[in-house]
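Examining the three-dimensional arrangement
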Amino acid sequence: MDPYYSAQDVARCDLCKVTIVHSYCDFCHVNLCKPCIGEHISDDYSTKHIIVPFHQRRSTLIYPKCETHSKKSCEFQCKDCNALLCSHCLASEQHNKEHKLSNLEEVFNRKKNHIKRDKEEINKQLWPAYEDIKTVLENQIENLDVDYKKITAEMAKHREKLHKEIDNAMNFWEKKIDENKTKHHAILKKQLEEIKHLQSLMQERLHTLDDMEDSNEVSPTINYSSINQEFSMLPPKVHVLMPKFIPKPIEKEELCSLIGKLFPLSTTLEERVLPAKKPNTSVRELLVEPEVINTIKTGHEGLLSVTCFNEEEIWTSRETAEIKCFNTQGVLQKTIKTKSGIRPDDIAVYSDGALVYSDASTRTVYKVKNDQTEEIIRLQGWTPIQLCVTSSGDLLVTMFSDDYTQSKVVRYSGSTVKQTIQFGDDGQPLYSGNAYPKYITENRNLDICVADWKAGAVVVVNRAGKLEFKYTGQSPSTKKEPFNPIGITTDSQGRILMSDYNNHCIHVLDVDGHFLQCINHCDMNYPVGLCVDKYDNLFVCDNRKSVRKLKYSK
């Protein structure tokens, strides 16, 4: 190499090693100067070279090489065994053809979106929260002298009355105050250092996410795992009560105890939470054999829906006008009758305990609070069916058109429409057009999950309404009928659970739509409505008279 061009920041051609790079082969990932482009292409005409300007390099994905076929790149991943596969693997008999496949580009793009969301969450939510905590602590530390001087001033006034005979005692108490101040300072300083340390870790994470966001390496990206939930667990807020000096009348005997009383420094911990709803971040693994914790006998046939208000109460609806609330021991707590006298199509509960139900017969959604029923949504040309209250307090409603040819999801804030989800980027409907219910839930990533019963599919879109994936059923050994998803819910891990009505089981998917488990060990009989409480206990309505409470994770 010419010493004149030995600067480390000048890129050289990978072939001649001398000339400054001009182009880039985005297929072979090689730097090229103009004279070497022809030589590079001529080396192997069977290869589809992609020559681009150097500043546009790495615009194509870098797929991992196939371990079996060394000249091929893997563009697929098996959903069942997670193996990376190339086109030759698929054409050969080496891999089970019944296994379902994921396109690596789609997995890569989903993970990229996840990385982008994590980065945005850190920048817009987590980092500002830590900045606020740091500012408060710094202000407290800065004002410590002022606060403690006030106490010292009060003591000085009392000292004037006691004169010289109490000087030693006063010095004794001043020393105690200084000790409290030192402890107070140390407590706040320690927490400040912890906050700064966590911010340092968060800054490192942001640098890592920046690198991953700019990278086209598939393997690191698809193996990316978020740790944002760890940062979401904000450190507890320390409450330190200031010492307080209480003077007493002057007496010569027992002077120290008579001068006053200094309440010592005290510290309490108060949990901090983010402004948004804080999900359960503890890792809960699936049980191999789910178990029935309790069976709540409602005494009514044809149960349709179940929803949790809290860990102690559930609401149920069925083929009558009555909506009933039971405790988890099966004792009836309350009964509400629909305004029309017709059965509700679905029920949901707001965080304040207000019940909401849909009535297809009147095309109306009602809200019931403090025994008062209020009409919040009335439609024309559309019929509301299934409901979901989101973590932000919005209401998601699935509905179909009067001619039964269209279905959509509409997000409401109160009675105001905020969003409509109906078509994909290709202009095609996301959901089947008919009067069959579309069951709906929201996961902790704010994805909207819809079980399209008639289509035999679960459709998951992100909060913006962009399609993430579709799930059309797994093939457990007990499956005999076509996939028939009815009830749907999600848990604290972001897993999606859906009842497969005709196959008497519940499918469990991870947050990216990969099949995890089929719950079919609990003598289920046509499961329908599902819900999960904050401890990830699963409540299942079946075609009989009971709601079963299942433990499926640990």
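These numbers come from a predicted model, not from an experiment.

The rules behind each value
- Residues numbered from 1 in each chain as written.
- Predicted model: local features only at pLDDT ≥ 70, side-chain atom pairs only at ≥ 80, totals over all residues.
- Heavy atoms only, no water.
- Helix = DSSP H or I, 4+ residues; strand = E, 2+ residues; numbered from the N terminus.
- Contact = heavy atoms within 4.5 Å.
- Areas by Shrake-Rupley, 256 points an atom, 1.4 Å probe, with all protein chains shown as cover.
- Core = buried A, V, L, I, M, F, W, Y, C linked by side-chain atoms within 4.5 Å.
- Buried < 20%, exposed > 50% of the residue type's maximum accessible area, 1.4 Å probe, protein only.
- Salt bridge = Lys/Arg side-chain N within 4 Å of Asp/Glu carboxyl O.
- pLDDT = per-residue confidence, 0-100.
- Pairing = 2+ DSSP bridges.
- Axes fitted to C-alpha atoms, helices over the stretch in contact; angles between N-to-C directions.
- Phe/Tyr/Trp six-rings, centres within 6.5 Å; stacked < 30°, edge-to-face > 60°.
- Parallel < 35°, antiparallel > 145°, perpendicular 65-115°, else oblique.
- Left-handed = near helix turned anticlockwise from the far one by under 90°.
- Nonpolar A, V, L, I, M, F, W, Y, C, P; charged D, E, K, R; others polar.
- Lys, Arg positive; Asp, Glu negative; His and termini not counted.
- Arc of directions from axis to C-beta.

**Let's talk about the overall build of the protein**
Counting secondary structure elements, the protein contains 8 helices and 34 strands. Put simply, 50% of the contacts in the protein that link residues at least 6 apart link residues at least 24 apart. As presented, the protein carries roughly 29,000 Å² of accessible surface, and 49% of it is formed by carbon and sulfur atoms.

**A closer look at the nonpolar core**
By size, the foremost hydrophobic cluster in this structure holds 30 residues, and its most contacted members are Ile-122, Leu-137, Met-155, Ile-177 and Met-202. The leading source of residues in this core is helix H5 (residues 167-214), at 10 residues. If near-sequence neighbours (up to four positions away) are discounted, Met-155 is found in contact with Met-170, Trp-173, Glu-174, Ile-177 and Phe-245. Residues Ile-296, Phe-483, Ile-486 and Ile-488 belong to the second largest nonpolar core, which totals 24 residues.

**Here's the deal with the pattern of salt bridges**
Per the counting criterion, the structure on display carries 21 salt bridges. Across the pair Asp-371 and Lys-334 runs a salt bridge, and its minimum N-O distance is 3.0 Å. Taken together, the residues span a long stretch of sequence, with Asp-371 in the loop between strand E18 (364-369) and strand E19 (372-378) and Lys-334 in strand E15 (residues 332-337) at a distance of 37 residues. Of the charged contacts in the structure, one is a salt bridge between Asp-345 and Arg-343, with a shortest N-O distance of 3.8 Å.

**Side note on the confidence of the model for the protein**
For the protein, mean pLDDT is 84; residues scoring 70 or higher make up 89% of the total. Ignoring residues within four places in sequence, the model shows residues 1-8, a span with pLDDT below 50, making 5 contacts including any to other chains. The model gives residues 276-281 a pLDDT under 50, and that stretch makes 15 contacts with residues more than four places away or in other chains.

**Things to note about the environment of Gly-465**
Looking at the secondary structure, you find Gly-465 in the loop between strand E26 (457-461) and strand E27 (467-471). Assessed through its relative accessible area of 11%, Gly-465 is described here as buried. Distance from Gly-465 to Gly-424, taken between C-alpha atoms, is 8.0 Å for residues 41 residues apart in sequence. Sequence-distant contacts of Gly-465, that is, excluding residues within four places in its chain, are made with Gln-419, Ile-421 and Leu-430.

**Thoughts on the sheet that holds E27**
Read across the sheet, 4 strands follow the order E24-E25-E26-E27 without closing on themselves; strand pairing throughout is antiparallel. The two strands at the open ends of the sheet, each matched to only one other strand, are strand E24 (438-442) and E27. With direction set aside, neighbouring strand axes in the sheet form an average angle of 15°. Here 4 bridges tie E26 to E27, and the two strands are oriented antiparallel to one another. Bridge pairing in E27 places Val-461 opposite Leu-467.

**Observations concerning the packing of aromatic side chains**
By the definition in use, this model includes 6 aromatic pairs. On the numbers, 4.9 Å between centres and 45° between planes, the contact of Tyr-501 with Tyr-526 is tilted. Of this pair, Tyr-501 sits in the loop between strand E29 (496-500) and strand E30 (505-509) while Tyr-526 sits in the loop between strand E31 (515-519) and strand E32 (530-532), and the two are 25 residues apart along the sequence.

**Here we look at the environment of Val-540**
Relative to the helices and strands, Val-540 resides in strand E33 (residues 537-541). Residue Val-540 is classed as buried on the basis of its relative accessible area, which comes to 4%. Once the C-alpha coordinates of Val-540 and Val-306 are considered, the two residues, 234 residues apart in sequence, prove to be 7.4 Å apart. Discounting residues that sit within four places of it in the chain, Val-540 has contacts with Ile-506, Pro-527, Gly-529, Leu-530, Ser-546, Val-547, Arg-548 and Leu-550.

**Points about the packing of helix H3 (residues 104-142) against H5**
Closest axis-to-axis distance for the H3/H5 pair is 10 Å, and the angle between their directions is 160°. Our classification of the angle between H3 and H5 gives roughly antiparallel. Here H3 runs over H5; the crossing is left-handed. Looking at the contact of H3 with H5 residue by residue, the class counts come to 16 nonpolar, 6 polar and 13 charged.

**Considering the sheet that holds strand E13 (residues 313-318)**
Taken in spatial order, the 4 strands make up an open sheet running E12-E13-E14-E15, and their pairing is antiparallel. Single-partner strands in this sheet number two, and they are strand E12 (303-308) and E15. For this sheet, the mean angle separating the axes of adjacent strands, direction not counted, is 20°. As paired elements, strand E14 (residues 322-327) and E15 share 5 bridges and run antiparallel to each other. In the sheet register, Ile-323 faces E15, and the bridge partner there is Ile-336.

**Some words on unusual backbone geometry**
One non-glycine residue, Tyr-404, adopts positive backbone phi at about 65°. Tracing the backbone shows Tyr-404 in the loop between strand E21 (395-401) and strand E22 (407-413). Within the chain, Asp-536 stands out as a residue other than glycine whose phi angle is a positive 60°.

**A few points about the pairing of E19**
Bridge analysis of E18 against E19 gives 6 bridges, and the strand direction is antiparallel. Across the sheet, Thr-364 pairs through a bridge with Arg-378, a residue of E19. If you look at the hairpin formed by E18 and E19, you'll find 2 residues sitting between the two strands, and Asn-370 has a positive phi there, around 55°.

**As for the side chain of Asp-447**
Topologically, Asp-447 is positioned in the loop between E24 and strand E25 (448-452). No salt bridge forms around the buried Asp-447; measuring N to O, its nearest opposite-charge neighbour Arg-117 is 4.9 Å away. Every residue in contact with Asp-447, bar those within four places of it in the chain, is listed here: Thr-441, Glu-442, Val-460, Val-461, Asn-462, Arg-463 and Glu-468.

**Side note on helix H1 (residues 34-42)**
By the burial criterion, the buried members of H1 are Cys-36, Ile-37 and His-40. Axial view of H1: buried residues confined to an arc of 120°, hence all on one face. Structurally, H1 contributes buried residues whose contacts are with strand E1 (23-25), strand E2 (30-32) and strand E3 (51-53).

**Considerations on the pairing of E25**
A large share of E25 lies buried, amounting to 5 of its 5 residues. With 5 bridges connecting them, E24 and E25 associate as antiparallel partners. Bridging across to E25, Thr-441 finds its partner in Cys-449. Between E24 and E25, which pair antiparallel one after the other, the connecting turn spans 5 residues, and Leu-446 there sits at a positive phi close to 70°. Taken together, the 5 bridges between E25 and E26 define a ladder with antiparallel strand orientation.

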